[in-house]
Amino acid sequence: MGILDYANPTRVLRFSRAVKPWFLGLGLITLAVGLYGAFFTAPADYQQGETIRIMYLHVPMAWLAMMAYSMMALSAIGTLGFKHPMADVSAKALAPIGATFTAICLITGSLWGKPMWNTWWVWDARLTSVLILFLVYLGIIALWQAIEEPIKAGKVTAIITLVGAINLPIIKFSVDWWYTLHQPASVFRVDGPTIYPAMLYPLLICAVGFTLVFFYLHFAAMENELKRRRIRAMQMRAARRVAPEQTTLPQGSTA
Amino acid sequence: MSAFRALIARDVRLATRVGGGALTGTLFFLAVIVTIPFGVGPDLNLLSRIGPAIMWIGALLATLIGLERLFQSDKDDGALDLLRLTDSPVSNFVIAKVIAHWLGSSLPLVLVTPLLSLLLALEPRAILALTATLAVGTPALSFLGAVGAALAVTLRRGALLMAVIILPFSIPVLIFGVAATRAAIVDPDPFWPPFALLTATSLIYAVIGTLGAAATLKIGDG
Amino acid sequence: MKVCTVWVEARVKIKELALSRGERALVAGLSLTLVGGDAVALVGPNGSGKTSLLRVLAGLAEPTAGDLTVSMQGADADLPRNALVHLGGHQDGLKGALTVRDNLEFWIAYFGGAGLSISKALDQLGVGHLVDLPAAILSQGQKRRVALARLLVAPRPIWLLDEPTAALDTASTARFLTLVEAHRRAGGIVVAATHTSLDLSNLKTLDLGDYPAHRQDGEQTVKDAESYWLESEPL
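A brief report on the enclosed structure follows. (Residues numbered from 1 in each chain as written. Chains lettered and ligands numbered in written order. Predicted model: local features only at pLDDT ≥ 70, side-chain atom pairs only at ≥ 80, totals over all residues.)

A word on the interface of chain A and chain C. Taken together, the contact between chain A and chain C spans 19 residues of the former and 14 residues of the latter. Those elements giving two or more residues to the side of chain A that touches chain C turn out to be α2 (9-41), α6 (150-181) and α7 (197-246) of chain A. Ranked by the residues each element gives to the side of chain A that touches chain C, the list is headed by α7(A), at 9 residues. In the side of chain A that touches chain C, the residues fall into 11 nonpolar, 2 polar and 6 charged. (Contact = placed C-beta atoms within 7 Å. Helix = DSSP H or I, 4+ residues; strand = E, 2+ residues; numbered from the N terminus. Nonpolar A, V, L, I, M, F, W, Y, C, P; charged D, E, K, R; others polar.)

Taken residue by residue, the interface counts 21 residues in chain B and 22 residues in chain C. Put simply, the parts of the chain that give the side of chain B that touches chain C at least two residues each are α1 (2-16) and α5 (79-83) of chain B. The biggest single contributor to the side of chain B that touches chain C is α1(B), with 6 residues. Classifying every residue of the side of chain B that touches chain C gives 8 nonpolar, 6 polar and 7 charged.

This part takes up helix α2 (residues 22-40) of chain B. Residue and element names in this part refer to chain B. Every buried residue of α2 is listed here: Ala22, Gly25, Thr26, Phe29 and Ile33. Taken down its axis, α2 places every buried residue within 100° of arc, on the same side. For α2, the exposed residues set more than 90 degrees away from the buried face come down to Ala31, Val34, Thr35, Phe38 and Gly39. Contacts made by the buried residues of α2 are with α1, α3 (44-67) and α6 (90-119). Immediately beyond the C-terminal end of α2, within one or two residues, lies Gly41, with a positive phi of roughly 95°. (Buried ≥ 20, exposed ≤ 12 C-beta atoms within 10 Å, placed from the backbone. Arc of directions from axis to C-beta.)

Here we come to the sheet that holds strand β1 (residues 11-21) of chain C. Residue and element names in this part refer to chain C. Within the open sheet, the 3 strands sit side by side as β2-β1-β4. Their pairing is antiparallel. One side of each edge strand has no neighbouring strand; the edge strands of this open sheet are β2 (24-35) and β4 (65-71). Between one strand and the next, the sheet's axes are offset by a mean angle of 25°, whatever the strand orientation. Two strands pair when backbone bridges link them, and β1 and β2 are joined in this way by 8 bridges, in the antiparallel orientation. Residue pairing in the sheet places Ser20 in a bridge with Ala25 of β2. Lying on the sheet, helix α1 (residues 50-57) is in contact with β1, β2 and β4; it crosses β1 at an angle near 130°. (Pairing = 2+ DSSP bridges. Axes fitted to C-alpha atoms, helices over the stretch in contact; angles between N-to-C directions.)

A few words on the packing of helix α2 (residues 100-111) of chain C against helix α4 (residues 140-153) of chain C. Residues and elements named next belong to chain C. With their axes 10 Å apart at the nearest point, α2 and α4 run at an angle of 35° to one another. Where α2 crosses over α4, the two elements pack in a sense that is right-handed. Note on element contacts: α4 touches α2 through Val146, Ala149, Arg150 and Val153, opposite Val100, Asn103, Leu104, Trp107 and Ile108. (Left-handed = near helix turned anticlockwise from the far one by under 90°.)

Side chains of nonpolar character tend, in soluble globular proteins, to be buried together. The biggest cluster of nonpolar side chains holds 212 residues, and the ones touching the most others in it are A:Ala65, B:Ala146, C:Val27, C:Leu57, C:Val153 and C:Leu160. When residues of this core are assigned to their parent elements, the largest contribution, 18 residues, is made by helix α7 (residues 124-155) of chain B. If we skip the residues at most four places from it in the chain, C:Leu57 touches C:Val12, C:Val70, C:Val85, C:Leu160 and C:Val191. (Core = buried A, V, L, I, M, F, W, Y, C linked by C-beta atoms within 7 Å.)

What follows is the structure, encoded as structure tokens:
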């Protein structure tokens, strides 16, 4: 019981309400600066031309997709190791946000790839790994939806999240390995230390901005989940309160 | 230890009895292998090139679909509770049940592989490689599937969801298994590195699968 | 009629136990000590936590609060409570495709049995003639009796029974209660959740309704997940 008193919903809600606007405000300001840099000061790529500007959206999304999963795995440890209910709330709030960021990463990757590869999709090692991450996210969301009882759903999903956390590096390794085995003729890569500082700084600023917005979304989703659980608890309580009164009812038939 | 062996013996026996369904997985495997040529055409060159992939995907689906009921029948008749009334941890009986399931369902699949490979015009070297990779790789699928089977107990009607969750995790097994088999067909590709990686994946998944399934069962029951 | 095993200092100790199912607390402040020879009838309305208590006693679930020890002296003194209890009734755990003998032989091998032989155990429950038949064709009552034979072939000191006599006729119930008495004389403990009265000597009754987690006025005596979520500020 002690642990249940530890961080109660009221305190979490109060904290969330206090810090949420700051995350949003700072995030939007940072993003404005970063995106200005991305679109106006950063140079176009000598090979890819203006399409390089998709990078300022695509790369932060890829980072945040992975960060969201890491946070979900940490929350899963909180659920299983410390039995903290707030860890459930955090994990459940993270899944759709992570999935959305992963989806944006995939879509921007596809848009970026179209002029480069002249096709919407290539089974490139990076894109493929992100696609699998997206599938794992969808599976976890489906699992949350499939179990009625929140506590059990939290524990079961936590186990699968951790199984995924151990598996994703293995999958990443195997996909990289698979890609080198089937290596196509022309490979195009965005990574590497060769990126110009003029491109790097806007990218980092964008990344910070999106991260702040990400935390804002996480807090907002946690608040919603807390409300959802409160409603459920109130409904269950209401259902029980009605029961004893009904035992006195069946007399209408004589009227 | 005798409890462990007794459970394996019981499950293998149940699998081969009426309603046990040991051979259903193998039949499903056969049906998949026979159906695919109708989709891609009877070109033997093409079939022999994609043959390993067809066989591996068939084995993957047969294993995962067959595993759905790994714990369900014990849950239905109450034996799942009774099996936990020992001083050994839940993971012990998970391992025993997976071994029994592998012996009853996956081993027959491995054994018919050489025969089915002939339908896909695989060469003897490829057949040997394919059989070896399936023998080493299917345990990984069984252990992964055990996590899904434990989920299926918790969710009641969780068969499809189980596949949705487990299939992405089985990608490394597929990659290394097919790569090692391809090595026997496409000459410059090496056989041993992917085969060693496949073995390693099997060992890692045995650990992850056992712990994951045991934890899921405890929560689903508790 | 005798069960050869004798249990030394079998004991069940429950202190300030709280139980919950899902998010809702069911039972709070339950304390109880049982020693060898004791038999308790667990009563209470549906959903009062009888099955939950049996599962917690069996080590299949953990209590939300309180202490619980199941112990005995002798060679098996260090065993966890999972290995000291039998769970009987409710569900039979029989495999229809196997014969009665194969079913029981499996449980002997799995639990480690030094109890009655299979045929003797079945005879005592009046189902000796079924030993070579597949369990699938037995009637509900026959299945229940075969399942209860498991308690005799693989002896354990604590019997946790969930509606054990539900599928049994009067004669079978009498036979079974005789076996329960023999188990108690050997120093065993019996906890039975039941709706009907059991004809046992010195039967204690534990009404779980006496240990409610929720009082009549709706106030809770213990916190549970439900009250935890209600702690947040109003919407």
